[in-house]
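# Observations on chain architecture
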Amino acid sequence: DLKVAGAAWLQVHFQDVSLEGGSFIRLTSTFDGEVQEMDAATLMLWRNHSAYFNGDTLRVELVADPVTFNNEFTIAHVSMEELVVGSERGDGCGICGNDDRAPSDVYYAGRMMPVGCTSTMYNADGCFVSAGHCLGSTTTLQFNVPASSSNCNLNQPPVADQFPIIDVDGANGGVGDDYAAGRIGTNSLGQTHYERYGIYVPLAGKNPSNV
């Protein structure tokens, strides 16, 4: 088992991976039982990182295809968030004044991890738009995102509601020049975003008249 004591969630980053035939790596959260299986093609799609898992312990297994001999991998590093005990944070989770947010269940909007920005899907091909200052280390777009814990720690959605960001571009030049567009791959079930949720918000055909 891979354990990072005191972690609220984990994401694993691999290197030096060799998986022959149908061999794969299986990751299982001991917290909620969520599973991700990654063969060579899946690891390439996810750029050698896993989805995000709740809890501080993952069971990491190498499942070898019969008559294969050169299966190996190295865990390069693990991303995590330190678990806050009780209400230690005590700052309203960054909310200034009254918290007037309302829960949303729209499946065309997702959370970019690890930055936490929102992205909007705009076609059936897995393309999204967001802000340019949200680029950088972003690896994953999540949907069906649960509320944070009362101590402000993030909670991760099921693995099947997480998609690897496979292409992204944009600019972070301040007001008027802050945009991003990208594309996500398939989830752990081999589904595209549209196959799983059946929704997106098409881009406008022209600028609104009041701009």
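Summary of the structure given here.

What counts and how
Residues numbered from 1 in each chain as written. Predicted model: local features only at pLDDT ≥ 70, side-chain atom pairs only at ≥ 80, totals over all residues. Heavy atoms only, no water. Helix = DSSP H or I, 4+ residues; strand = E, 2+ residues; numbered from the N terminus. Rg over C-alpha atoms; globule rule 2.2 N^0.38 Å. Buried < 20%, exposed > 50% of the residue type's maximum accessible area, 1.4 Å probe, protein only. Contact = heavy atoms within 4.5 Å. Areas by Shrake-Rupley, 256 points an atom, 1.4 Å probe, with all protein chains shown as cover. Disulfide = S-S within 2.5 Å. Core = buried A, V, L, I, M, F, W, Y, C linked by side-chain atoms within 4.5 Å. Phe/Tyr/Trp six-rings, centres within 6.5 Å; stacked < 30°, edge-to-face > 60°. Pairing = 2+ DSSP bridges.

Below, the discussion takes up the overall build of the protein. Regarding its fold elements, the protein presents 2 helices and 13 strands. Here the protein has a C-alpha radius of gyration of 19 Å; the compact-globule value for 211 residues is 17 Å, and the two agree. Taken along the three principal axes of its C-alpha coordinates, the protein extends 65 × 45 × 30 Å. Within the protein, the proportion of its 211 residues that are buried is 36%. Contacts in the protein between residues far apart in sequence, at least 24 positions, make up 67% of those at least 6 positions apart. Surface summary for the protein: the accessible area is close to 11,600 Å², and the carbon and sulfur share equals 50%.

Cis geometry is adopted by the peptide bond preceding Pro114, which originates at Met113 and carries an omega value of 10 degrees. Turning to its location among the elements, Pro114 is positioned in the loop between strand S8 (109-113) and strand S9 (118-121). The phi torsion at Asn48 lies on the positive side, around 65 degrees, for a residue other than glycine. Relative to the assigned elements, Asn48 resides in the loop between helix H1 (40-45) and strand S5 (53-54). Overall, Asn48 belongs to the partly exposed group, its relative accessible area being 29%.

Turning next to the environment of Met80. Looking at the element boundaries, Met80 is found in strand S7 (residues 72-82). Looking at Met80, the relative accessible area reads 35%, which means it is partly exposed. Between the C-alpha atom of Met80 and that of Leu10, which follows or precedes it by 70 residues, the distance is 4.7 Å.

A full pass over the atoms with the stated rule returns 1 disulfide. One disulfide in the model links Cys117 with Cys134; its S-S distance is 2.0 Å. Residues Cys117 and Cys134 share a disulfide whose torsion about the S-S bond is about -80 degrees; that sign makes it left-handed. In this pair, Cys117 sits in the loop between S8 and S9 while Cys134 sits in the loop between strand S10 (127-130) and strand S11 (140-142), placing the two residues 17 residues apart along the sequence. Free cysteine: Cys127, not disulfide-bonded; nearest cysteine sulfur from Cys134 at 18 Å. Cys127 gets classed as buried once you look at its relative accessible area, which sits at 14%.

Counting residues in hydrophobic clusters, the biggest one holds 15 residues, and the most contacted among them are Phe14 and Leu27. Of all the secondary structure elements, the ones that give two or more residues to this core are strand S2 (7-18) and strand S3 (24-29). Looking at this core element by element, the count peaks at 4 residues for S2. Residues in contact with Leu27, not counting those within four places in the same chain, are Val12, Phe14, Glu34, Val35, Gln36, Met38, Ser50, Phe53, Leu58, Arg59 and Val60. Cys117, Ala131, Ile184 and Tyr197 belong to the second-largest nonpolar core, a separate cluster that totals 12 residues.

Glancing now at the packing of aromatic side chains. Aromatic ring pairs are described here by two measures, namely the spacing of the ring centres and the angle between the planes. Inspection of every chain in the model, using the stated rule, returns 7 aromatic pairs. On the basis of an interplanar angle of 70 degrees and a centroid distance of 5.2 Å, the ring pair of Trp9 and Tyr52 is categorised as edge-to-face. Of this pair, Trp9 sits in strand S2 while Tyr52 sits in the loop between H1 and S5; the two residues are 43 residues apart in sequence, bridging distant segments of the chain. Each member of the pair, Trp9 as well as Tyr52, is classed as buried. Judged by centre distance (5.5 Å) and plane angle (80 degrees), the rings of Phe14 and Phe73 are edge-to-face. A residue pair is termed long-range when its members are at least 10 positions apart, and Phe14 in strand S2 and Phe73 in strand S7 qualify at 59 residues.

As a further point, take the sheet that holds S2. On the basis of which strands lie adjacent, the open sheet formed by 3 strands has the order S5-S2-S7 and antiparallel pairing. Where the open sheet ends on each side, the last strands, each with one partner, are S5 and S7. The pairing of S2 with S7 spans 9 bridges and is classified as antiparallel. Across the sheet, residue His13 finds its bridge partner in S7, namely His77.

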